[in-house]
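Remarks on the overall topology
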Amino acid sequence: MCDTARVHLLPGLATPDDFAGATVVVVDILRATTTIVYALAAGATRVVPLLSIEEAAARAQTLGEAAVLGGERGGRKIEGFHLGNSPDEYTPASVSGRTVVFTTTNGTRAMEQCRQARQVLIGSFANFSATCRELSQAERVEILCAGTDGQITREDVLFAGAVIDDLMRARAVLVNDQAEIAADAWRSVQRDFASLKPLAETLRSSVGGRNLIEIGHERDIAIAAEIDKFDLVAELRLKPWEIVSR
Ligand code: MLT
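The following refers to the structure shown. (Residues numbered from 1 in each chain as written. Predicted model: local features only at pLDDT ≥ 70, side-chain atom pairs only at ≥ 80, totals over all residues. Heavy atoms only, no water.)

Counting its secondary structure elements, the protein chain contains 10 helices and 11 strands. Relative to the compact-globule value of 18 Å for 246 residues, the protein chain shows a C-alpha radius of gyration of 17 Å, a close match. Partitioning the contacts of the protein chain with sequence separation of at least 6, the portion at a separation of at least 24 is 77%. A total accessible area of about 10,300 Å² is found for the protein chain, and carbon and sulfur atoms account for 50% of it. (Helix = DSSP H or I, 4+ residues; strand = E, 2+ residues; numbered from the N terminus. Rg over C-alpha atoms; globule rule 2.2 N^0.38 Å. Contact = heavy atoms within 4.5 Å. Areas by Shrake-Rupley, 256 points an atom, 1.4 Å probe, with all protein chains shown as cover.)

As structure tokens, then:
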């Protein structure tokens, strides 16, 4: 049962020690963690998140045919990679039964901070309820927002707030101020839902949303805003360093 939950609005606002022994949720709604969930839902056997393009390319080479190289720099597909960072590129035809070797600017970097955690989950609106269900069993929850290039991003804060809100509804949970701020942000957006302003519209005006619109990936915003598309828990297994679904 969850007793304590904290939010870290940016990797720079936390240290690896903050995550030692905890269940951590890494969040990069636009788009790394959303895309990883889509890849697993499409039947990828695992996603291997790596920091650099060189490291990813080398790993894919050792895996040969079994590997699909995916990710972005500056939001765009990396030269020589099979796929970019749009969730809907990850289909059964492109990834089923294969290993996705994946590198992104902020999302995979945030994961590196969690090596001392007890358990690491990959969170997105696409697998929101499944993630919350898993977290309700954890004693101590830490939510790590990836942000964008050192800036806090609204979409990650909203997801963190939605999780905190869910945990608090179930029982009294001790939270930090960043969690309160995130939950307040989520509740105010929920009031907008009542006036029929969809989440996608809110995400469009965030830093991440504006960046995507600028580079022609506007469609990804609506995809990332769809809640509970999959009933899937995505877990980063630390020892083999691979994300698998269950
Ligand atoms: C990241 O990890 O930096 C992002 O997901 C960026 C993007 O999708 O463009």
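Along helix H5 (residues 128-135), the positions that sit buried rather than exposed are Phe128, Ala130, Thr131, Cys132 and Leu135. Those residues of H5 that are buried lie in contact with strand S2 (23-27), strand S7 (119-123), strand S8 (140-145) and helix H6 (154-170). (Buried < 20%, exposed > 50% of the residue type's maximum accessible area, 1.4 Å probe, protein only.)

For the rest of this paragraph, the subject is the site of the ligand. In the vicinity of the ligand, the residues found are Asp28, Leu30, Arg31, Ala32, Glu72, Gly75, Asn85, Thr104, Thr105, Asn106 and Gly107. Within the contact set of the ligand, an oxygen atom lies 2.9 Å away from a backbone nitrogen or oxygen of Ala32. A total of 270 Å² of accessible area belongs to the ligand in isolation, and the protein chains cover 92% of it. According to the grid-proximity analysis, the pocket containing the ligand is the largest pocket. Taken together, the residues of the shell around the ligand sort by class into 2 nonpolar, 6 polar and 3 charged. (Near = heavy atom within 4 Å. Polar contact = N/O pair within 3.5 Å; in protein donor to acceptor, adjacent residues only side chain to side chain. 1 Å grid on protein atoms, 1.4 Å probe; cavity = no way out; pocket = protein on both sides within 12 Å on 5 of 7 lines; lining within 4 Å. Sits in = over half its atoms within 2 Å of the grid points. Nonpolar A, V, L, I, M, F, W, Y, C, P; charged D, E, K, R; others polar.)

Going through the model one piece at a time under the given rule, you end up with 0 disulfides. The thiol sulfur of Cys114 is not disulfide-bonded, and the nearest other cysteine sulfur, from Cys145, lies at 11 Å. (Disulfide = S-S within 2.5 Å.)

The next point concerns the pairing of strand S6 (residues 99-103). Most of S6 is tucked away, with 5 of its 5 residues classed as buried. In S6, alternate side chains face the same way, and those of Thr99, Val101 and Thr103 on one face and Val100 and Phe102 on the other are all buried. With 4 bridges connecting them, strand S3 (residues 46-49) and S6 associate as parallel partners. Within S6, the position partnered with Arg46 by the bridge is Thr99. Across 5 bridges, the pairing between strand S4 (residues 67-73) and S6 is parallel. Residue Val68 lies in a different strand from S6, and its bridge partner there is Val100. (Pairing = 2+ DSSP bridges.)

The quantities given are spatial measurements derived from coordinates; they are silent on function.
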